[in-house]
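Spelled out, the chains give:
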Amino acid sequence: LNGSVALYAMNRISGTITVIDPTTDTVAREIPVGSYDPTTTTIRQGRGFLYDAKLSGNGTVACASCHIDGEMDLIAWDLGDPTGNMVTNQVSFGLLTGPEAFHPMKGPLTTQTLRGLNGMDPLHWRGDRTNFTHFNGAFNTVLGGPALSTTDMNAYRDFINTVVFEPNPNQNLDRSFPTNFAGGNAVIGRSIFINSNYQNPNAAFPSGLKCNSCHALPTGSDLLISPDQVLPGSQGFKVPHLRAIYQKTGLNRTKGSPASGTNSIGGFGFQHDGKFENLFAFLSQSVFGNFANDGPIKSNLQAFVLCFDTGTAPAVGYSRTILESNVGCASITNDWSLLEAQAALLTNID
């Protein structure tokens, strides 16, 4: 640039470098990087729709502004439309089955993760998006830009379907559950979750209800929309999966009480509006019948849900640095043996 200073910007999505003249604030040229990109065609063609702010009306926001790295910002947003129309969704829960009206003013809803969406239709808190392509309208109504073409939206969907969960760090490395975590026993909690009934006095509720009745394993959701009577509120909600629950608590807790000296790093807690500070408080609602006043049951369930399997084994990505000085240490040899055993299972790690 005629001997002047230049600025260089690496454009990860387009695979180019932009040369900027700082004296005129203009782009002098854009050059291809030319390096090998090992990502698949599906990822290369669809990734940009998550991150590209140029798709918004004012060029400053993207889907990833709230779905950070395809995850969630831990904030509740009220994205209702006062000019919208009432819609009807089919709800299903025992005798409470049939059409239910859904208001266009949605109320505060916490940002949900974009990980693990493949096979989880319908989507969003209210199940009012029958599949991922139906979020195309958000490019206009939320981001203020034009909707994507059908081809582009399908490419975005195909990319999102490749995004899976990272391991749950609260599980043991051999994919078992800890017996002492968050004030409870996750092994006992899993048994309660699958096998134990909670007795609710509401006659319209099915008899023999278990946590697993709605939060079905392995994802934690039966994919159905439950009416508002199930968790008393103003509207029905799709049963949310439980694979990202562990990310929604910023406090170390013992039976629901903040541990001394801890600070919350997440602004909102559990349920659609984030109003419950922990699972212990969430399970204290009267809708959970005899569970609501049973401290040990709630502690054990909380421990299990916070260790819920994400579909990716805890040993994935685990690494140790082996040196001549530590190769004989018990911690190294134990981890070496554990990783070999996990690889031998053929289902956990390569």
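The structure presented is a predicted model; accordingly, all values stated were derived computationally and were not measured. (Residues numbered from 1 in each chain as written. Predicted model: local features only at pLDDT ≥ 70, side-chain atom pairs only at ≥ 80, totals over all residues. Heavy atoms only, no water.)

A.B. asks: What is the right way to read the pairing of strand β1 (residues 7-11) from this model?
C.D. replies: In summary, the side chains of a regular strand alternate between the two faces of the sheet. When β1 meets strand β2 (residues 16-21), the two strands line up antiparallel, connected through five bridges. Considered in β2, the bridge of Y8 is made with V19. Hairpin connection between β1 and β2: a loop of four residues separates the two successive antiparallel strands, and G15 in this loop has a positive phi of roughly 70°. (Pairing = 2+ DSSP bridges. Helix = DSSP H or I, 4+ residues; strand = E, 2+ residues; numbered from the N terminus.)

A.B. asks: Can you help me understand the confidence of the model for the protein in this one?
C.D. replies: It should be kept in mind that the predicted coordinates are not to be read in detail where pLDDT is low. Here the protein averages 90 in pLDDT, and 94% of its residues register 70 or above. Summarising per-element confidence for the protein, the mean pLDDT is lowest in strand β10 (residues 253-254) (42) and highest in helix α4 (residues 150-160) (98). Note on residues 251-258: pLDDT is under 50 here. Beyond four places in sequence and across chains, it has 21 contacts. (pLDDT = per-residue confidence, 0-100. Contact = heavy atoms within 4.5 Å.)

A.B. asks: What is the right way to look at unusual backbone geometry in this model?
C.D. replies: As a rule of thumb, non-glycine residues mostly have phi less than zero, and peptide bonds are mostly trans rather than cis. A cis amide bond, omega -5°, links D121 with the succeeding residue P122. Assignment of secondary structure puts P122 in the loop between β7 (109-110) and α3 (138-141). The backbone phi angle of A182 is positive, close to 50°, even though this residue is not glycine. With respect to the helices, strands and loops of the structure, A182 is situated in the loop between α4 and α5 (186-195). By relative accessible area, A182 is classed as buried at 18%. Positive phi values are uncommon outside glycine, yet L223 reaches one of about 70°. On the secondary structure map, L223 appears in the loop between α6 (211-214) and β8 (225-226). Exposure remark for L223: the relative accessible area of 28% places this residue in the partly exposed category. (Buried < 20%, exposed > 50% of the residue type's maximum accessible area, 1.4 Å probe, protein only.)

A.B. asks: Just to check I follow, could you spell out the sheet that holds β1 for this structure?
C.D. replies: The strands making up a sheet associate through backbone hydrogen bonding, with each pair oriented either parallel or antiparallel. If you walk across this open sheet you meet the three strands as β1-β2-β3, and the pairing is antiparallel. Pairing within the sheet leaves two strands with one partner each, and these edge strands are β1 and β3 (26-32). This sheet shows a mean twist of 25° between the axes of neighbouring strands, independent of strand direction. Where β2 meets β3, six bridges bridge the pair, whose relative direction is antiparallel. Paired with I17 across the bridge in β3 is I31. (Axes fitted to C-alpha atoms, helices over the stretch in contact; angles between N-to-C directions.)

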